[in-house]
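# Chain and residue survey
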Amino acid sequence: MGDIIRVDVPLGDRSYPVLVGAGARHQLASVLAATPLTARARRAAVVTQPGIGVDVDPGIGFETFTIPDGEQVKELATVGELCSGFARCGLTRRDVVVGVGGGVVTDVAGFAAAVYHRGIAVVHVATTLLGQIDAAVGGKTGVNLAEGKNLVGAFWQPAAVLCDTSVLDTLPERELRAGLGELAKYHFIDSPAAERWLAMTDGGDLGALGIDERVAACVDIKAEVVASDETESGRRALLNYGHTLGHALEIAGRFDLRHGEAVAIGLRYAAVVARLLGRIDDDRVAAHERVLEAYGLDGALPAGIDHDEIIELFGRDKKAADGITFVLDGPRGLEVVPGVDPGVLRRALEQM
């Protein structure tokens, strides 16, 4: 077992640790005992999925709740079933929910914890690369509606997050690729945290770090952004880079694409849109394509996508408060750009 890297999400009296490294999940019992929000817990509800195959020991009495596999389980009915199960097993307001899995589990378990008894503590044991670098950190929880991704949810920060990188070795190739799509996003987010980690590399490239350091770097960048804008009223929206098309593809394609695969396509698309708007040049678009290629990601638009449907879905995106809104690259880095011309978006789709 190697050294565990600790990254703190600085939120004042609600700050919490993210532990990254091989074997981090085995610290669950000690973390629960040492964390003020969970130290008095007598029972834990462990929420997981059948394909996860990762056992945890909370060090207190617990009951396991297994939700089905797949993105389709992210619905209000699942949250209701979990909360009913929590009530039947006697979970109280001082107890804790432990989410063990990837982004689907952390989203669903976190939302269930946010609404059960109007909020009880949750700790995430993230078992996928996507979960470790993105979904488990930052307190965004939620489920889907037929009309769009993550349209119902809550901001509910965890009490701690454990990212056991040893379990990444067992991930199917496609699941790992889904995480790499999110990892690619972090290459384009400017922050002091990014500069700190880039200084550790010879080539100034996050991809040059080892896996533990790469996960920790992404967590550190996200923690810094979240601390500056916890409820996504401004800067935190930059973490959605590549997600506007990504989410639309997931909905339009009935989730045939994994989240990170869709985000990878969304990153290239956002670069094409920014070029059409004169915000960046061809070299910057090529830089996006090089990052995707380095991670073995396909940035091509899937065949048969209905452009009209995609543009309609853009309008349902959570950021669309003032017309269709995109996070776009530009001379000052990433920015939230409202009121993007649908004609430009259509031309960009045609150029993909």
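One can find the structure itself at the top, above this paragraph.
This report concerns the structure included in the present document.

Conventions and cut-offs
- Residues numbered from 1 in each chain as written.
- Predicted model: local features only at pLDDT ≥ 70, side-chain atom pairs only at ≥ 80, totals over all residues.
- Heavy atoms only, no water.
- Helix = DSSP H or I, 4+ residues; strand = E, 2+ residues; numbered from the N terminus.
- Rg over C-alpha atoms; globule rule 2.2 N^0.38 Å.
- Buried < 20%, exposed > 50% of the residue type's maximum accessible area, 1.4 Å probe, protein only.
- Contact = heavy atoms within 4.5 Å.
- Areas by Shrake-Rupley, 256 points an atom, 1.4 Å probe, with all protein chains shown as cover.
- Lys, Arg positive; Asp, Glu negative; His and termini not counted.
- Charge placed at Lys NZ, Arg CZ, Asp CG, Glu CD.
- Pairing = 2+ DSSP bridges.
- Axes fitted to C-alpha atoms, helices over the stretch in contact; angles between N-to-C directions.
- Polar contact = N/O pair within 3.5 Å; in protein donor to acceptor, adjacent residues only side chain to side chain.
- Patch = residues over 30% accessible without salt bridge, like charges linked within 9 Å, V, L, I, M, F, W, Y side chains within 5 Å.
- Salt bridge = Lys/Arg side-chain N within 4 Å of Asp/Glu carboxyl O.

## Notes on the overall build of the chain
Helix and strand content of the chain: 12 helices and 11 strands. At 20 Å, the chain has a C-alpha radius of gyration in line with the 20 Å of a compact globule built from 352 residues. Its C-alpha atoms give the chain principal-axis dimensions of about 60 × 45 × 35 Å. Going through the 352 residues of the chain one by one, you find that 57% of them count as buried. Restricting to contacts in the chain with at least 6 residues of sequence separation, those with at least 24 account for 70%. For the chain, the exposed surface amounts to about 14,300 Å²; the carbon and sulfur share of it is 49%. The average position of the 34 basic charges and that of the 49 acidic charges among the side chains of the chain differ by 5 Å.

## Quick notes on the sheet that holds strand 5 (residues 96-101)
Adjacent strands of a sheet pair through backbone hydrogen bonds, lying either parallel or antiparallel. The sheet built from seven strands is open, its strands ordered 1-2-9-6-5-3-4 with mixed pairing. Across the chains shown, the open sheet's two edge strands, defined by having one partner strand only, are strand 1 (5-9) and strand 4 (61-66). Strand-to-strand twist in this sheet, taken as the mean axis angle between neighbours without regard to direction, amounts to 20°. Two strands pair when backbone bridges link them, and strand 3 (residues 43-48) and strand 5 are joined in this way by four bridges, in the parallel orientation. The residue of strand 5 that forms the bridge with Val 46 is Val 98. With respect to the sheet, helix 7 (residues 211-228) is in contact with strand 1, strand 2 (16-21) and strand 9 (160-164), its orientation differing from that of strand 1 by roughly 10°.

## Considering the environment of Gln 49
Among the structural elements, Gln 49 can be located in the loop between strand 3 and strand 4. With relative accessibility at 9%, the residue Gln 49 sits in the buried group. Separated by 211 residues in the primary sequence, Gln 49 and Gly 260 place their C-alpha atoms 19 Å from one another. Sequence-distant contacts of Gln 49, defined by excluding residues within four places in its chain, comprise Thr 66, Ile 67, Pro 68, Asp 69, Gly 70, Val 73, Val 100, Val 104 and Val 105. Within the structure, the side chain of Gln 49 is placed 2.8 Å from the backbone oxygen of Pro 68, a separation counted as a polar contact.

## Quick notes on the side chain of Arg 25
Within the element layout of this structure, Arg 25 appears in the loop between strand 2 and helix 1 (28-34). For Arg 25, a relative accessible area of 19% corresponds to the buried category. Setting aside its immediate chain neighbours within four residues, Arg 25 contacts Val 54, Asp 55, Val 125, Leu 162, Asp 164, Ser 166 and Val 167.

## Describing a nonpolar patch on the surface
There is a patch of nonpolar side chains on the surface, built from Leu 76, Leu 145 and Leu 151 and spanning about 220 Å² of accessible area. When you line up the elements, Leu 145 lands in strand 7 (residues 140-145). The class for Leu 145 is partly exposed, based on a relative accessible area of 32%.

## Side note on the pattern of salt bridges
Summed over all chains, the structure comprises 21 salt bridges. Lys 185 is the salt-bridge partner of Asp 134, the closest N and O atoms lying 3.1 Å from each other. Of this pair, Asp 134 sits in helix 4 (residues 129-135) while Lys 185 sits in helix 5 (residues 173-186), and the two are 51 residues apart along the sequence. In this structure Asp 134 comes out as buried when scored by relative accessible area, which is 12%. Look at Lys 185 and you get buried, because its relative accessible area is 0%. Where Glu 224 meets Arg 196, a salt bridge forms, and the shortest distance between an N and an O atom there is 3.8 Å. With Glu 224 in helix 7 and Arg 196 in helix 6 (residues 192-198), this residue pair connects regions lying 28 residues apart in the sequence.

As far as function goes, none of this settles anything; it's purely spatial.
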